[in-house]
Amino acid sequence: MNRRESTVDNESASRVRHVACIGAGVIGGGWVAHFLARGYRVTAWDPAPDAAEKLRRLVDAAWPALTELGLADGASRDNLTVADTLEEAVAEAEFVQESAPEDLALKQDLLAKIDAATPADVVISSSTSGYPMTDMQTRCANPGRLVVGHPFNPPYLIPLVEVVGGESSEQWAVDFAAEFFEVAGKHVIKMDREVPGFIANRLQEAIWREALHMVDNGEATVEQIDASITEGPGLRWPLLGPCLTFHLAGGEGGMAHMLDHFGPSLKSPWTRLEAPELTPELRDRMVDGCEEAADGRSIPELVADRDKAVIAVMRAVNEVRGAR
């Protein structure tokens, strides 16, 4: 990626008030709902003949949840315009979010058209679930301003956005996109390098593929697999995630003890994924990373935080189940 010095700051990202959303399906429509709830003016475009009607139904369906979360000042569904053409949609855009289907040739062609029609200083972000921006920006005349802004479904509810540029992306564009998404209420992971599927999808896909293997081999049912997560590790992950969860599994010794004690189990056939060699370097990176993520909290403090979070999650889930 081109490392031109960034001049982006939080104030410049805060000045964005008009977002164009290209593609208005489940993901694109979710983005539209999110941006409207955050007080932006949104112009959307989708080539489907019934796109406008479907988009407004999606926004209406999402609005109660967004209202409960809390709408920004000026938030209104009336701030949505559905354009007749792509060119009309991006003509006055200050940020563009593309959410077309996962077809590489389609995305290459569409991003080139967006690039040609969008004002030259506007960042263009793609919702791709797995394609590297390096592969998608090949037909663009101005590839430096294109980045990946990968959300999680539904984008109006799940905070995560993974931001990363391609080989031809400029650092200023990556920084601007990250700042913009943060201002727009997202939790941003600004990745250091491209990797197919990014971070969250690779982790999710690992579980999904193992689940398919287990069903295919008669080792577990769909119900058992889902319950193993919702009634097990899934309850711990909202606060700590898998790494800090294993950090606590090491007791007072933390991740260092966990790896030293359970490291040999990486050679056990617990999954069809091949584990990396647990080298001293990898061990130290995991230990240091957990210490950094703990941010000064002791093991007992992390345990107390985890227990409070698990109880809160269990109560919330039981409330939803009881309301059915």
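The rules behind these values
Residues numbered from 1 in each chain as written. Predicted model: local features only at pLDDT ≥ 70, side-chain atom pairs only at ≥ 80, totals over all residues. Heavy atoms only, no water. UniProt positions renumbered as here; feature names shortened; annotations may be inferred. Patch = residues over 30% accessible without salt bridge, like charges linked within 9 Å, V, L, I, M, F, W, Y side chains within 5 Å. Areas by Shrake-Rupley, 256 points an atom, 1.4 Å probe, with all protein chains shown as cover. Salt bridge = Lys/Arg side-chain N within 4 Å of Asp/Glu carboxyl O. Helix = DSSP H or I, 4+ residues; strand = E, 2+ residues; numbered from the N terminus. Core = buried A, V, L, I, M, F, W, Y, C linked by side-chain atoms within 4.5 Å. Buried < 20%, exposed > 50% of the residue type's maximum accessible area, 1.4 Å probe, protein only. Contact = heavy atoms within 4.5 Å. Axes fitted to C-alpha atoms, helices over the stretch in contact; angles between N-to-C directions. Parallel < 35°, antiparallel > 145°, perpendicular 65-115°, else oblique. Left-handed = near helix turned anticlockwise from the far one by under 90°. Domains from an automatic or database assignment.

As named in an unreviewed UniProt entry, the chain is L-carnitine dehydrogenase, taken from Saccharopolyspora karakumensis. On record in UniProt, under Sequence similarities (unreviewed entry), the comment for the chain is "Belongs to the 3-hydroxyacyl-CoA dehydrogenase family." UniProt, in the comment section headed Pathway (unreviewed entry), describes the chain in these words: "Lipid metabolism; butanoate metabolism."

Draft legend 1. Main features of a nonpolar patch on the surface. A cluster of nonpolar residues, Leu69, Leu157 and Ile158, forms a patch on the protein surface that exposes about 260 Å² of accessible area. In this fold, Leu69 is placed in helix α3 (residues 51-69).

Draft legend 2. Region of the structure containing the nonpolar core. Ranked by size, the top nonpolar core spans 35 residues in total, and within it Val32, Phe35, Phe180 and Phe181 carry the most contacts. Mapped by element, the contributors of at least two residues to this core are β1 (18-22), α2 (26-37), β2 (41-45), α3, β7 (160-165) and α7 (171-183). Here the element with the most residues in this core is α7; it accounts for eight residues. When sequence neighbours within four positions are dropped, the list of residues in contact with Val32 reads Cys21, Val42, Ala44, Leu55, Val59 and Leu80. Leu86, Ala112, Val122 and Val148 belong to the second largest nonpolar core, which has 24 residues in total.

Draft legend 3. Representation of the packing of α2 against α3. Between α2 and α3, the least distance of the axes is 9 Å, while the angle of their chain directions is 50°. Here α2 lies oblique to α3, going by the angle between them. When the axes of α2 and α3 are compared, the crossing they make is right-handed. In this structure, α2 uses Val26, Gly29, Gly30, Val32, Ala33, Leu36 and Ala37 to contact α3, whose residues at the interface are Leu55, Leu58, Val59, Ala62, Trp63 and Leu66.

Draft legend 4. Geometry of the domain arrangement of the chain. With domains assigned, the chain is organised as domain 1 (10-190) and domain 2 (232-322). Its C-alpha centre places domain 1 at a distance of 33 Å from the equivalent point of domain 2.

Draft legend 5. Representation of unusual backbone geometry within the structure. That bond from Asn153 to Pro154 is cis: its omega, 0°, falls within 30 degrees of zero. Position of Pro154 relative to the elements: it lies in the loop between β6 (146-151) and β7. Even without being glycine, Phe198 reaches a positive phi, approximately 65°. With respect to the secondary-structure elements, Phe198 resides in the loop between β8 (187-190) and α8 (200-216). Classification of Phe198 by relative accessible area gives buried; the value is 2%. You will see that Asp295, though not glycine, has its phi angle at about 55°, which is positive. Of note, Asp295 is situated in the loop between α12 (280-294) and α13 (299-322).

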